[in-house]
Amino acid sequence: MQLRYWKVRPYVLTAGRTRTRQPLLVHTLVSVPHYDAVFAAGLLPEARSLYEQARRTARSVAELSAVCGISLGVTRVVVDDLAATDRLLVHTDHDNVDFRLLERLRDGLRKLA
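Nothing here was measured: the structure is a model prediction, and the numbers come from that model.

Engineer: Would you take a moment to explain a nonpolar patch on the surface for this structure?
Structural biologist: A cluster of nonpolar residues, L105, L109 and L112, forms a patch on the protein surface that exposes about 320 Å² of accessible area. Along the polypeptide, L112 turns up in helix α6 (residues 99-112). L112 sits in the exposed class, given a relative accessible area of 73%.

Structural data, given as structure tokens:
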């Protein structure tokens, strides 16, 4: 059975936002430094799924999106919200970004679409 209002859910999860407070690229790694089961229980299912997956090991934003079955845009906003609560750690390493690799990745993804 397909959800009747499936397009509304992403809007609710992000409160209509599409931008993040900090740059979250597809390869940005995130992790949970100190897991809190009580905090996790109070999250919406999608946010809880992202939080639980990042708990196990540092994962990229793209990997979290794929593993949890949540669109990349929604994943980025929800990850940003979790990071704002200091429950999720965003690993920044902007000095070592290989933009040529990212461009090749982008071009490969476009070919698949």
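Engineer: Help me understand unusual backbone geometry in this model?
Structural biologist: A negative phi angle characterises most non-glycine residues, just as the trans form characterises most peptide bonds. Even without being glycine, D86 reaches a positive phi, approximately 65°. Within the secondary structure, D86 is located in the loop between α5 (72-84) and β3 (89-91).

Engineer: When you look at the packing of helix α4 (residues 61-68) against α5 in this model, what are you seeing that I'm missing?
Structural biologist: When two helices pack together, their arrangement is captured by the angle between the axes and the distance separating the axes. The geometry of α4 relative to α5 is characterised by a closest axis approach of 9 Å and an angle of 115° between their N-to-C directions. Judged on the interaxial angle alone, α5 and α4 are roughly perpendicular. Crossing hand, α4 versus α5: right-handed. Contact residues: α4 offers V61, A62, L64 and S65, while α5 offers L72, T75, R76 and V79. Grouping the constituent residues of the contact of α4 with α5 by class yields five nonpolar, two polar and one charged.

Rules of the game
Residues numbered from 1 in each chain as written. Predicted model: local features only at pLDDT ≥ 70, side-chain atom pairs only at ≥ 80, totals over all residues. Heavy atoms only, no water. Patch = residues over 30% accessible without salt bridge, like charges linked within 9 Å, V, L, I, M, F, W, Y side chains within 5 Å. Areas by Shrake-Rupley, 256 points an atom, 1.4 Å probe, with all protein chains shown as cover. Salt bridge = Lys/Arg side-chain N within 4 Å of Asp/Glu carboxyl O. Helix = DSSP H or I, 4+ residues; strand = E, 2+ residues; numbered from the N terminus. Buried < 20%, exposed > 50% of the residue type's maximum accessible area, 1.4 Å probe, protein only. Axes fitted to C-alpha atoms, helices over the stretch in contact; angles between N-to-C directions. Parallel < 35°, antiparallel > 145°, perpendicular 65-115°, else oblique. Left-handed = near helix turned anticlockwise from the far one by under 90°. Contact = heavy atoms within 4.5 Å. Nonpolar A, V, L, I, M, F, W, Y, C, P; charged D, E, K, R; others polar.

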